[in-house]
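Observations on the model geometry
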Amino acid sequence: MSERPNDTDTERLDLQVQATNRLIEALAASEQTMRRRIELISDVVFELDQYERIVFVNRAWATVVGGTPEMALGERFADYLAEPADWHIGEVLAADPSAARSARALKRADGALAWVEISLTSLGPSGYLGTLHDVTRQRAYQKELEQLSLVANNTDNFVIIADADGNCEWVNPAFTARTGFTLDEMLGKRPGCILQGPDTDPRAIAHISAALRERRSVSAEILNYTKRHEPYWTMLHINPILGNDGALQRFVSVQTETTRLRAIQSELETAKAVAEAASRDKSLLLANVSHELRTPMTGVLGIADMLLATDLAPQQRRYVEVMQSSGNLLLRIINDVLEFSRIEEGRIEIEQKPFELAAAIAGVADILAPMFREKGLVFDIRLPPEGLPRLVGDAARFQQILYNILGNALKFTQVGSVTLAVDCVPTASGSTNVLVWVRDTGGGIAPTKIESIFRPFEQADKSVAQRFGGSGLGLWICKRLVERMGGEISAASVPDRGSEFFFSLPLLSAGPGPASEGAPAGLHAAAPTLDILLADDSDVNRMVIRSVLEKEGHRVVEVLDGAQALERVQTAAFDVVLMDIQMPVMDGLTAAVRIRELGGALARVPIFALTADIVSERRDAYLNGGFDKVLAKPIDWAMLKQALRAVPPGLGRPPTV
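Residues numbered from 1 in each chain as written. Predicted model: local features only at pLDDT ≥ 70, side-chain atom pairs only at ≥ 80, totals over all residues. Heavy atoms only, no water.

**Focus: the pattern of salt bridges**
- Here the structure, examined in full by the defined rule, presents 21 salt bridges.
- Glu550 is the salt-bridge partner of Arg546, the closest N and O atoms lying 2.7 Å from each other. With Arg546 and Glu550 both in helix H16 (residues 539-551), this residue pair falls four residues apart, about one helical turn.
- Arg546 is paired through a salt bridge with Glu558; the nearest N and O atoms lie 3.0 Å apart. Highlighted residues: Arg546 in helix H16 and Glu558 in strand S19 (residues 555-559), separated in sequence by twelve residues.
- We classify Arg546 as partly exposed; its relative accessible area is 30%.
- Assessed through its relative accessible area of 28%, Glu558 is described here as partly exposed.
- Among the ionic contacts, a cluster of salt bridges with common partners joins Asp539, Arg542, Arg546, Glu550 and Glu558. (Salt bridge = Lys/Arg side-chain N within 4 Å of Asp/Glu carboxyl O. Helix = DSSP H or I, 4+ residues; strand = E, 2+ residues; numbered from the N terminus. Buried < 20%, exposed > 50% of the residue type's maximum accessible area, 1.4 Å probe, protein only.)

Rendered as C-alpha cells:
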C-alpha cells in the first residue's frame, strides 16, 4: 500500500509558498520604491562588488561624472579617479577608517575634473556602498577666497568678504589692526551693524544698502567706529562677485581710510579761507591805495596837459613834460600791479559779445597815433584788402593786449617805424583765427632773454627799467590774457635790428550786423557838442575836466555831490552825466540808481562813472547799477573824448511837443 502525503502537510506547504511569494513581491516592491527614491537624490549613489567594480549607480552619475549609468556598470571605480589609479577601497578603509569620507578628483567623461566628496561603507563580503557629493563649485569658491585672502593679507587697505546675504566671511589683518575686530568677532555678521555708529550718515547707509539689494557696485565715504568706539572715515568700494551662471556668490569690500585726508582737507579749507581773506584784504588795500593815488594824479596830469597847451619857455616845457611822463609811468605801474593781482586771484572774466574787429583796432591806433607822430616814428597799419570781420569775443581785452604790445614797441623804438599787421584765417571748425604781428626797429632783445620777457617782474635787461621804467608786468599780463582767451603769443628779435611780437586768438564769427555798443569808434569822427553835467567833489578835478571839455566845444555844468546831480537833472536837460563815485552826501552809484528810477528820458541819459576804484568787481557793480561806461582816473583824455563822440545828442532829453 503506497504512502500518500498528509493533506494537512500539503496545505501547510502551500501556505508557506504563498507567504514566500508575497514576501518576495513585497521586497521587490520595496526595492523598486527605494530605487526610485535613490534616483531622485542629486548626489551619486553607487554600489561596488567585492572586486570594487560598479554594479549600480543612480541617474545623478550622468550629471556629476558624465555618460550614462549603464556605461559605468562593470567598470572599476578606481579608474574614474584622477589619481592614484591603483587605489583600493578595502586597503584604504583597513588602513585608515577615517578615509571612508574624503575629497577626491574624478575624471569626467568630457575630460574635465570634478571634485567630489566620497562617502563609503562596507557591505561585507558582497562589496561596498557609497555616495559622491559634487564639491567642484565649493572648491573653486574656496580657492578664489584663498587667492583673495592672499592678496588682501598684503595690502594696507581694509578688506571684507561677505556672502551673498551680506554676512561676513573674512577680513584681512589690516582691518583687524585698525578696527580691533577679529575675524571670529565679524564672522557671520553684517559689517555695517558692527561698524556704524551714532554719527554715521543715514543717507550714506541707505545709499549703500540700496546698491547691495540691487546687486550693483557702490562707492561711498562713510563714518565708521572701531571696537573702542573711536570714529574713523573710510572710502569703501563694494563689488558683487557673480558665478559663471550669473548667480551672486559674494561681496568684496575694499576700504581706504580717509580720516587723515579729511583732516588735511579741513586744514586746506581753513588755509584757503585765510588766503582768500588775505587776498580780499590785499585787493581792498590795492584798491584803496589806487584810489588815493589816482585821485590826485587826475589833477596832476590834467594840469600838466593844460600847461603843455599854453605858451611855455623851453625849460618850463621840459619840466612839465618830465612831470607828465613820470605821472603816466606811475599810472601804468599802478594799472599793471592791479591787473597782476586780479589775474593771480583768477578774477579775470572774458566777455563774449559781438564787436567790430576793425573798430577795435582803430580805437587803439587813434589813441597811440599822436604819440608816434610826436616821437617821429612811422606807424604803419596793414589790414587785409577784403576788410575785417565782425567777431564774438572780449573787445576790451583784445584792445588791452594790442595797446600793451604797441606801447612797448613805441617805448623801445627810438628811430624808424612800428608796423601793425592783422589777418584773419577761417578754421574748419567755423571759428576765425585772428593773427596779429607788431614789428619794430628798436634795439631788439637777446635770444637768451626772449622767454624771460613773458615772466612777471622781469625785463630783457636790467638797464631797461633804469632807462624806460615800468614794472615788468605788461607782457606777462598779455600772455595770461591771450592764453585765457584760448590763443598763443610769442616773440622773436634780432639785437640792434628790432623785434616782432605775434599773437593769435580763436574767435567765433558774429555774422553780419551792427557793431556792439562797446565797440570803440575812431577819433576822426566829427565831435558833437554836448551839454554835460559833471559831478565831482574835487575842485581840482572839476577845474581840469571842465577846461578840457570846454576846449572840445562842450557845455559843462558842475555839481559837488550825487544829491546835487540828482536835483539838477530834474531841472535841466543834459546829453551825458559824468559822475565821480566817492562823494559826500550821496555817492555816485546811489545817484545813478536814483536817476534811473526817475524814468522817462532820464532812464536813457548816458551816465559815465569817473572813478579811481577800477577793480573788476566794483566796475561790474557800477555797470549793473545804472552806469553806461566806467572811465578810470586819472582820466585818459583820448578815451573820454572817444566815449563822448559816441554819445548821440538829445538821448537824455524829453521829446519836444
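Next comes the rest of the write-up.
**So, the pairing of strand S7 (residues 168-171)**
- Where strand S6 (residues 158-163) meets S7, three bridges bridge the pair, whose relative direction is antiparallel. Its bridge partner lying in S7, Ile161 is registered against Trp170.
- Counted between consecutive antiparallel strands, the loop separating S6 from S7 contains four residues, among which Gly166 sits at a positive phi close to 90°. (Pairing = 2+ DSSP bridges.)

**Remarks on the packing of helix H13 (residues 395-412) against helix H15 (residues 474-484)**
- Put simply, H13 and H15 touch, their axes get as near as 10 Å, and they point 150° apart. Once H13 is placed against H15, the crossing between them reads as left-handed. Contact with H13, carried on its side by Arg397, Gln400, Ile401, Asn404, Ile405 and Asn408, involves Gly474, Leu475, Ile477, Cys478, Leu481 and Val482 of H15 and no other residues of that element.
- When the residues that make up the contact of H13 with H15 are grouped by side-chain class, the tally is seven nonpolar, four polar and one charged. (Axes fitted to C-alpha atoms, helices over the stretch in contact; angles between N-to-C directions. Left-handed = near helix turned anticlockwise from the far one by under 90°. Contact = heavy atoms within 4.5 Å. Nonpolar A, V, L, I, M, F, W, Y, C, P; charged D, E, K, R; others polar.)

**Some words on the environment of Ala365**
- Relative to the helices and strands, Ala365 is located in helix H12 (residues 357-375).
- Of the residues examined, Ala365 reaches a relative accessible area of 9% and is grouped as buried.
- Each C-alpha atom, one on Ala365 and one on Leu420, is 9.4 Å from the other, the two residues being 55 residues apart in sequence.
- Residues within four places of Ala365 in sequence aside, it is in contact with Phe379 and Ile381.

**Remarks on the packing of aromatic side chains**
- As enumerated under the stated definition, the model contains eight aromatic pairs in all.
- Both rings, one in Phe46 and one in Phe77, keep their centres 4.8 Å apart while their planes meet at 10°; by these two values the pair is stacked. Remark: Phe77 occurs in the loop between helix H3 (69-72) and helix H4 (89-95) and Phe46 occurs in strand S1 (residues 44-48); sequence separation between them is 31 residues.
- You can call Phe46 buried: its relative accessible area is 0%.
- On the basis of an interplanar angle of 15° and a centroid distance of 4.3 Å, the ring pair of Phe372 and Phe379 is categorised as stacked. Assigned by exposure class, Phe372 and Phe379 land together as buried.
- Members of the aromatic cluster, joined through ring pairs, are Phe355, Phe398 and Phe503.
- Directly above the aromatic system of Trp233 lies the positively charged group of Arg262, at a separation of 3.6 Å from the ring centroid. (Phe/Tyr/Trp six-rings, centres within 6.5 Å; stacked < 30°, edge-to-face > 60°. Lys NZ or Arg CZ within 6 Å of the ring centre and 35° of its normal.)

**Here we look at the sheet that holds strand S20 (residues 576-580)**
- Taken in spatial order, the five strands line up as S19-S18-S20-S21-S22 in an open sheet, and their pairing is parallel. Only two strands of the sheet have a single partner each, and these edge strands are S19 and strand S22 (629-632). Across the sheet, the axes of successive neighbouring strands diverge by a mean angle of 20°, strand direction being ignored.
- In this structure, strand S21 (residues 607-611) lies alongside S22, joined through four bridges in parallel fashion. Bridge pairing in S22 places Thr611 opposite Ala632.
- Most of the contacts of H16 go to S19, to which it runs at about 165°, and overall it touches strand S18 (531-535), S19, S20 and S21.

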